[in-house]
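Each chain, letter by letter, is given below.
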Amino acid sequence: MSKKSPSPIVEAVSFEGFSKISFSFLKELAKNNDREWFANNKLRYESDVLAPSLAFIAALQPMMRKISPYIMVLPKRMGGSMMRIYRDTRFSKNKTPYKIHVGMHFRHELGGDIHAPGYYLHIEPGNCFIGAGIWMPETEPLTMIRDLIVEDSRYWKKARDDKKFKARFKMEGESLKTVPRGFEADHPMIDDLRRKSFIGLAPISEKELMSPACVERVVTAFRDAKPFMKFLCDALNQPF
């Protein structure tokens, strides 16, 4: 398998934490989720939310390379780790045009081509959390993960039950009510084999995100998920 070049390194920068005005803007947006209000407050969004988010990503990049050089951390307005504020309403009953949270997705470098594990940071007043893993993969990668759980259950349990990972993260996501095709109903790992996603979520407080230690705290959480992430990458024959 050919490997892409790791993400380019940006010059290390400091980040002193998000401010109250970032959360204040998101609270106001939740109450005024319409295009006219956003147009009148777009400059505030760019200065109070977008700019500090890009600064956070830039500060995170060199630290993340020590965890894995294959996780992309890109401080770009478009096409980078910062997710768009605009909602895709085409197939949703909720027609509000804007997300009321900040989403940052740190994808595996192969994630643009195939389903791959990644990290995630969600910033929303009253609901901030960190994610690690792979969400709702398609049939082929999902089967590959299940196959490795069966082939090397010991490795899976070591990753899933890693002391630091288990203390911080909780496995989330939907599971099948039936046995997945091709697997035994009495397999000791059947509860894990039924999972549709392999994702761990960990809460992080607004106070932590507003701390000068913000980046280090997020990196520590990402580091605690490293055994879990490595298992998933190994299952999918991807470097980590």
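**Remarks on the nonpolar core**
Point 1. Core analysis: the largest hydrophobic core is formed by 65 residues, its most contacted members being Phe56, Met104, Phe106, Tyr119 and Phe198.
Point 2. The greatest single-element share of this core, amounting to 9 residues, is contributed by helix α3 (residues 42-64).
Point 3. The contact partners of Phe198, leaving out residues within four places of it in the chain, are Ala132, Gly133, Ile134, Leu142, Ile145, Ile149, Trp156, Met171, Asp192, Phe228 and Leu232.

**Section: the side chain of His122**
Point 1. Inspection of the secondary structure assignment puts His122 in strand β2 (residues 118-123).
Point 2. Among the polar contacts listed, one links the side chain of His122 to the side chain of Tyr120, at a separation of 2.9 Å.
Point 3. A distance of 2.8 Å separates a polar atom in the side chain of His122 from a polar atom in the side chain of Glu124.
Point 4. With near-sequence residues (within four places) excluded, His122 lies in contact with His101, Val102, Asn127, Cys128 and Phe129.

**Regarding the packing of α3 against helix α9 (residues 214-224)**
Point 1. Direction vectors running N to C along α3 and α9 enclose 45°, while the axes themselves pass 10 Å from each other. With respect to α9, the axis of α3 lies oblique. Crossing handedness for the pair α3 and α9: right-handed. Across from Phe56, Ala59, Leu60, Met63 and Met64 in α3, the residues of α9 making contact are Cys214, Val215, Glu216, Val218, Val219 and Phe222.

**Comments concerning the packing of aromatic side chains**
Point 1. Inspection of every chain in the model, using the stated rule, returns 18 aromatic pairs.
Point 2. Measuring from centroid to centroid gives 4.6 Å for Phe165 and Phe228, while their planes differ by 20°, and the two rings are stacked. Of this pair, Phe165 sits in helix α6 (residues 163-168) while Phe228 sits in helix α10 (residues 226-235), and the two are 63 residues apart along the sequence.
Point 3. Given a relative accessible area of 1%, Phe165 falls into the buried group.
Point 4. Look at Phe228 and you get buried, because its relative accessible area is 0%.
Point 5. Clustering of aromatic rings is evident, with ring pairs tying together Tyr155, Trp156, Phe165, Phe169, Phe198, Phe228 and Phe231.

**Overview of unusual backbone geometry**
Excluding glycine, most residues fall at negative phi; most peptide bonds, likewise, are trans.
Point 1. Although it is not a glycine, Met136 sits at a positive phi angle of roughly 50°.
Point 2. The topology assignment puts Met136 in the loop between β3 (129-134) and α4 (139-151).
Point 3. By relative accessible area, Met136 is classed as partly exposed at 39%.
Point 4. Here Asn237, not a glycine, exhibits a phi torsion of approximately 55°, which is positive.
Point 5. Among the structural elements, Asn237 can be located in the segment after α10.

The rules we used
- Residues numbered from 1 in each chain as written.
- Predicted model: local features only at pLDDT ≥ 70, side-chain atom pairs only at ≥ 80, totals over all residues.
- Heavy atoms only, no water.
- Core = buried A, V, L, I, M, F, W, Y, C linked by side-chain atoms within 4.5 Å.
- Buried < 20%, exposed > 50% of the residue type's maximum accessible area, 1.4 Å probe, protein only.
- Helix = DSSP H or I, 4+ residues; strand = E, 2+ residues; numbered from the N terminus.
- Contact = heavy atoms within 4.5 Å.
- Polar contact = N/O pair within 3.5 Å; in protein donor to acceptor, adjacent residues only side chain to side chain.
- Axes fitted to C-alpha atoms, helices over the stretch in contact; angles between N-to-C directions.
- Parallel < 35°, antiparallel > 145°, perpendicular 65-115°, else oblique.
- Left-handed = near helix turned anticlockwise from the far one by under 90°.
- Phe/Tyr/Trp six-rings, centres within 6.5 Å; stacked < 30°, edge-to-face > 60°.

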